[in-house]
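Here's the letter readout for the chains.
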Amino acid sequence: IVKGQGLGKKELYPTINIEIKDYLLPSSGVYASRTRIKQKIYDSVSFIGNRVSTDGKFSIETHILDYDIEVHDEEVEIFFVQFLRDNRKFENLEELKKQIELDIKEAKKVLKTCKIYNFEIVDE
C-alpha cells in the first residue's frame, strides 16, 4: 500500500493505492474485483491506469464496497473479476464521481452473480 493523492477520501470515494512490482497486469480501465486484506476478501471496484482526470500518474487503486476500513501497511491482493470500462478523462471531479457511482453499481451487480469458492490463503 502506498500513499495516494488523498482525493478519494476527500472528494470522491476512498481507495487503497497499490504499488506493484514484477507482476503482469490487466489492461488499463475499471474492473469489478475482490480484494484480500489479511485473511478476509471484500467485494471491490478497482482502477488500473494513468489518472488522466487528475495528475496523469500511473496508479492501481481499489475501493472496498460497503465497508469503511482503514489499511496502512498490510499486503493487499486484488482479484480482477470482470472488466467494466476503459479509462477516460473527465472534465471535473463531479463528473468523475458520478461515473464512479455507476461503476460501483455495475461492480455490485457483477459480483453478486460471481461466487467465491473456498480456497486456502497460504502465507509465504
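Residues numbered from 1 in each chain as written. Predicted model: local features only at pLDDT ≥ 70, side-chain atom pairs only at ≥ 80, totals over all residues. Heavy atoms only, no water.

*Asks:* Mind laying out the sheet that holds strand β3 (residues 40-50), listing which residues take part and the relevant values?
*Replies:* Overall, antiparallel pairing links the five strands, which are arranged β1-β4-β3-β2-β5 in an open sheet. In the strand order of this sheet, the two ends are held by β1 (16-18) and β5 (76-85), each with one partner. Taken over all neighbouring pairs, the strand axes of this sheet differ in orientation by 30° on average, direction set aside. Sheet topology note: the β3/strand β4 (residues 58-64) ladder contains seven bridges and is antiparallel. Counterpart to S44 in the pairing with β4 is I64. Contacts from helix α2 (residues 93-112) reach β2 (29-37), β3, β4 and β5, with the element oriented near 100° to β5. (Pairing = 2+ DSSP bridges. Helix = DSSP H or I, 4+ residues; strand = E, 2+ residues; numbered from the N terminus. Axes fitted to C-alpha atoms, helices over the stretch in contact; angles between N-to-C directions. Contact = heavy atoms within 4.5 Å.)

*Asks:* For the pattern of salt bridges, give the residues involved together with the corresponding values.
*Replies:* Tallying each qualifying case throughout the model produces seven salt bridges. Of the charged contacts, one joins R36 and E77 as a salt bridge, the two residues approaching to 3.0 Å between their closest N and O atoms. Of this pair, R36 sits in strand β2 while E77 sits in strand β5, and the two are 41 residues apart along the sequence. Residue E77 is classed as partly exposed on the basis of its relative accessible area of 34%. Among the salt bridges present, the one from K108 reaches D66, with a minimum N-O distance of 3.0 Å. With K108 in helix α2 and D66 in the loop between β4 and β5, this pair connects stretches of sequence that are 42 residues apart. Residue D66 is classed as exposed on the basis of its relative accessible area of 62%. Through salt bridges with shared partners, a single ionic network connects R51, D55 and E61. (Salt bridge = Lys/Arg side-chain N within 4 Å of Asp/Glu carboxyl O. Buried < 20%, exposed > 50% of the residue type's maximum accessible area, 1.4 Å probe, protein only.)

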